[in-house]
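Listed here are the chains, written in short residue letters.
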Amino acid sequence: MEIIIQPTAAAANRVAARLFANVIRQKPSAVLGMATGGTPLALYRELVALQLDWRKITTFNLDEYVGLAPAHSQSYHSFMWENLFRHVNIARKNVHLPDGRAKDIPKFCAKYERQIRAAGGIDLQLLGIGTEGHIGFNEPTSSLASRTRIKTLTPQTRKDNARFFGSEEQVPHHCITMGIGTILDTRHCVLLAFGSNKARAIAAAVEGPVTSMNPASALQLHPKTTVFLDEAAAAELKLQDYYRWVYDHKPDWQKI
Ligand code: GLP
């Protein structure tokens, strides 16, 4: 794992945006894995400002709430169109999100996995992290080999996401999420975490044992993961000085 600690979230987002922009410029038909939540908002604003060409880009989102229609204000469909897709020239047919209203969820999930494979696999996967270490909506004790499927949200996740819904009662109990196995199959993972409420989960994910109790720790098994942190999210890392030194002394050809 490469750990990039920046003084602020804004600085980290600028570097992360350069990484995404490089992929989009170098491979105009790249397949991108997208994430939702509060964390990626600033990155999406940076990407919009860069005015990249998204015509041939294909996207697959990590997750969606079960029961919400795409037009629901809190669906991840709405989130993605509102915060990214409507601001860039992406083709609607190239955008994929789990269907929270699928009648046959296992069948839909198998199709989603087939669509990812048919698109050639995901080149760059954006991830946030939950306060208990979830990636996508793979809650603690998710199988590290899991594929896209239905999951039940933990009380903590429903509490964390209540801010988007107005109240906890309105947060759905179920979601469809790419599995940890699906995420591990992507070519490059980019994990963003900002703020002190993510520090514990980040320390466990990066420096703790690989365990389904912190699903993000499975990224230790991924050949190429880049973690972008602000100072607050990095605060509980034991080797933070080492990560800073490594980043400051990267050879030019490795620089983002
Ligand atoms: C959400 C999403 C995750 C996200 C995480 C953190 O509910 N399903 O993909 O990374 O929880 O959310 P936030 O960025 O709002 O802290």
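Calculation rules
Residues numbered from 1 in each chain as written. Predicted model: local features only at pLDDT ≥ 70, side-chain atom pairs only at ≥ 80, totals over all residues. Heavy atoms only, no water. Near = heavy atom within 4 Å. Polar contact = N/O pair within 3.5 Å; in protein donor to acceptor, adjacent residues only side chain to side chain. Areas by Shrake-Rupley, 256 points an atom, 1.4 Å probe, with all protein chains shown as cover. Patch = residues over 30% accessible without salt bridge, like charges linked within 9 Å, V, L, I, M, F, W, Y side chains within 5 Å. Salt bridge = Lys/Arg side-chain N within 4 Å of Asp/Glu carboxyl O. Helix = DSSP H or I, 4+ residues; strand = E, 2+ residues; numbered from the N terminus. Pairing = 2+ DSSP bridges. Contact = heavy atoms within 4.5 Å. Axes fitted to C-alpha atoms, helices over the stretch in contact; angles between N-to-C directions. Parallel < 35°, antiparallel > 145°, perpendicular 65-115°, else oblique. Left-handed = near helix turned anticlockwise from the far one by under 90°. Buried < 20%, exposed > 50% of the residue type's maximum accessible area, 1.4 Å probe, protein only. Right-handed = clockwise from strand over helix to strand, strands pointing away. Core = buried A, V, L, I, M, F, W, Y, C linked by side-chain atoms within 4.5 Å. Arc of directions from axis to C-beta. Nonpolar A, V, L, I, M, F, W, Y, C, P; charged D, E, K, R; others polar.

Caption draft 1: Examining the site of the ligand more closely. In the vicinity of the ligand there are 14 residues, among which G38, T39, H134, N161 and K198 approach most closely. Between the ligand and D63 there is a distance of 2.8 Å, counted from a nitrogen atom to a side-chain nitrogen or oxygen. Between the ligand and the protein, one listed contact pairs an oxygen atom with a side-chain N or O atom of H134 at 2.8 Å. Coverage of the ligand by the protein chains reaches 94% of its 390 Å² of free accessible surface.

Caption draft 2: Layout of a nonpolar patch on the surface. A grouping of L239, Y242, W245 and V246 is seen on the molecular surface, where their side chains present a nonpolar patch of about 440 Å² in accessible area. With respect to the element layout, L239 can be found in the loop between helix 8 (231-234) and helix 9 (240-248).

Caption draft 3: Main features of the sheet that holds strand 9 (residues 189-193). Overall, parallel pairing links the 7 strands, which are arranged 1-10-9-6-2-3-5 in an open sheet. A single partner strand is all that each edge strand has here, and the edge strands are strand 1 (2-6) and strand 5 (95-96). Pairing of strand 1 with strand 10 (residues 225-230), which is carried by 5 bridges, proceeds in the parallel orientation. For I5, the partnering residue across the bridge sits in strand 10 and is L229. Contacts from helix 1 (residues 9-26) reach strand 1, strand 2 (31-34), strand 6 (124-127), strand 9 and strand 10, with the element oriented near 155 degrees to strand 10.

Caption draft 4: Region of the structure containing the packing of helix 1 against helix 2 (residues 41-49). Here helix 1 crosses helix 2 at 55 degrees, and the two axes come no closer than 9 Å. Classed by the angle they form, the pair helix 1 and helix 2 counts as oblique. For the pair helix 1 and helix 2, the sense of crossing is right-handed. Together, N13, R14, A16, A17, F20 and A21 of helix 1 and A42, L43, E46 and L47 of helix 2 make up the contact between the two elements.

Caption draft 5: The pairing of strand 2, seen in detail. Every second residue of strand 2 is oriented toward a common face, with V31 and G33 on one face and L32 and M34 on the other, all of them buried. Two strands pair when backbone bridges link them, and strand 2 and strand 3 (residues 58-61) are joined in this way by 4 bridges, in the parallel orientation. The residue of strand 3 that forms the bridge with M34 is N61. A crossover connection joins strand 2 to the parallel strand 3 through helix 2; in handedness this β-α-β unit is right-handed.

Caption draft 6: Highlighting the nonpolar core. The biggest cluster of nonpolar side chains holds 78 residues, and the ones touching the most others in it are Y44, W54, I202, F228, L229 and L237. The dominant element in this core, judged by the number of residues it contributes, is helix 1, at 8 residues. Other than its neighbours up to four places away in sequence, L237 contacts I3, I202, A203, V206, E207, L229 and Y243.

Caption draft 7: Structural view of helix 5 (residues 155-165). Listed as buried for helix 5 are T157, R158, N161, A162 and F165. Viewed along the axis of helix 5, the buried residues span an arc of 150 degrees, placing them on a single side of the element. Facing away from the buried side of helix 5 by over 90 degrees, the exposed positions are K159 and R163. Along its buried surface, helix 5 packs onto strand 4 (63-65) and helix 3 (76-83).

Caption draft 8: Structural view of the pattern of salt bridges. Taken as a whole, this structure holds 9 salt bridges when the rule is applied. The shortest N-O distance in the salt bridge between R187 and D123 comes to 2.7 Å. Residue R187 is located in the loop between helix 6 (180-184) and strand 9, and its partner D123 is located in the loop between helix 4 (105-118) and strand 6; the two are separated by 64 residues in the primary sequence. For R187, a relative accessible area of 44% translates into the label partly exposed.

Caption draft 9: Just the packing of helix 2 against helix 3, in detail. Close contact between helix 2 and helix 3 brings their axes to 10 Å; oriented N to C, the two are set at 40 degrees. Our classification of the angle between helix 2 and helix 3 gives oblique. Across from L41, Y44 and V48 in helix 2, the residues of helix 3 making contact are F79, M80 and N83. Split by residue class, the contact of helix 2 with helix 3 holds 5 nonpolar, 1 polar and no charged.

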